[in-house]
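Tertiary structure, described
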Amino acid sequence: MLPNRDTIKAKLREYEDARDRVINTGIRLNRLSKSVIYSVIRNDWETAGKYLNDMKRELESLMNLIRQYPFYYDKAAVSFQEYAEAYIMYKFNKDGKIPTIEEVGVDELAYLNGLMEFTGELSRKATEELIKDNLDYAIKAKETMEDIYLDMLYMEFRDFEMRKKVDYVANNINWLNEKIFYKTLNRGKQGN
């Protein structure tokens, strides 16, 4: 008979339970992150703030689990990134600047991945603002995305997935540039 087999079995059950809690907490965090972003795009600040507070609580729960079971970080990495993306989106639109990594409160990879993903949501928000004829917002968004792009080039990522995300940022800039171009072109026609 395997020595200590009951102890080993109990430990395995604990790990399985911890894995499930990490995954389920991550799912809740991801949903809340999307809710924050959607609320910000709609300028529903009251709802965005409520979701942000809920999101922070879930982040703390997830971080506590990962501190206790660090070997499950890979199961939480995307959720940390989603949190960073939503937090950056909220703070940028509320305060007009990108929050620091310390303000966001996640590790470097989650922060940078969230920052690059934020450019896609910023493009969506800029498009909504262009529909409302807010060209100034779209131009500020484009300039912010260009700054992020240059910073990400500076990082000289070796990881293929990170390099793909840098291309994603470039594509978001090009996409928004096209929208801004057509908006300014139409403005010129309206003046004649």
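What counts and what doesn't
Sequence order as written defines residue numbering, which begins from 1 separately in each chain. Per-residue local features of the predicted model are confined to residues with pLDDT of at least 70, and side-chain atom pairs are confined, for both listing and counting, to 80 or more; whole-chain, interface and lining totals are unaffected and use all residues. Water and hydrogen atoms were dropped before computing side-chain values, which therefore reflect all heavy atoms in the structure. Here a helix means four or more residues in a row that DSSP labels H or I, a strand means two or more in a row labelled E, and each is numbered from the N terminus. The globule rule used for comparison is 2.2 Å times the number of residues to the exponent 0.38, while the radius of gyration itself is calculated over C-alpha atoms. Think of it in three bands: with a 1.4 Å probe and only protein chains considered, a residue is buried below 20% of the maximum accessible area for its type, exposed above 50%, and partly exposed in between. Two residues qualify as a contact provided that any one of their heavy atoms is within 4.5 Å of a heavy atom in the partner residue. Helix span is expected to be 1.5 Å times the residue number reduced by one. Any residue with relative accessible area above 30% and no salt bridge may belong to a patch, with like charges joined within 9 Å and the nonpolar Val, Leu, Ile, Met, Phe, Trp and Tyr side chains within 5 Å. With residues, only the protein chains shown are counted as cover, and all accessible areas are computed by Shrake-Rupley using a 1.4 Å probe. Whenever a carboxyl oxygen of Asp or Glu lies within 4 Å of a side-chain nitrogen of Lys or Arg, that contact is scored as a salt bridge. Pairs of N or O atoms within 3.5 Å make up the polar contacts considered here, provided that, within protein, one atom can donate a hydrogen while the other can accept it, and that residues adjacent in sequence are counted only when both atoms are side-chain atoms.

Counting secondary structure elements, the chain contains 7 helices and 0 strands. The linear arrangement of helices and strands in the chain, starting from the amino end, is α-α-α-α-α-α-α. A compact globule built from 192 residues would reach a C-alpha radius of gyration of about 16 Å, whereas the chain, at 20 Å, exceeds it by more than 25%. Each principal axis of the C-alpha atoms in the chain carries an extent, and together these give about 90 × 40 × 25 Å. For the chain, buried positions account for 43% of its 192 residues. Excluding contacts between residues fewer than 6 apart, the proportion of contacts in the chain whose partners are at least 24 apart in sequence is 71%.

A few words on helix α2 (residues 45–68). Along its 24 residues, α2 runs 34 Å from first to last C-alpha, staying within 8% of the 34 Å computed at 1.5 Å per residue. Of all the positions in α2, only Ala48, Gly49, Leu52, Asp54, Met55, Glu58, Leu59, Leu62, Met63, Leu65 and Ile66 are classed as buried. Packing partners of the buried residues in α2 comprise α1 (5–41) and α3 (73–95).

Moving on, we come to a nonpolar patch on the surface. Together, Leu2, Ile8 and Leu12 make up an exposed nonpolar region whose accessible area comes to about 270 Å². For isoleucine 8, the location among the structural elements is in helix α1. Judged by relative accessible area, which is 39%, isoleucine 8 ranks as partly exposed.

A few words on the side chain of glutamine 81. In this structure, glutamine 81 sits in helix α3. A residue is classified by how much of its surface remains accessible, and glutamine 81, at 11% relative accessible area, is buried. A distance of 3.3 Å separates the side chain of glutamine 81 from the side chain of lysine 165, its partner in a polar contact. When residues no more than four places from it in sequence are discounted, the contact partners of glutamine 81 are Ala110, Asn113, Gly114, Glu117 and Lys165.

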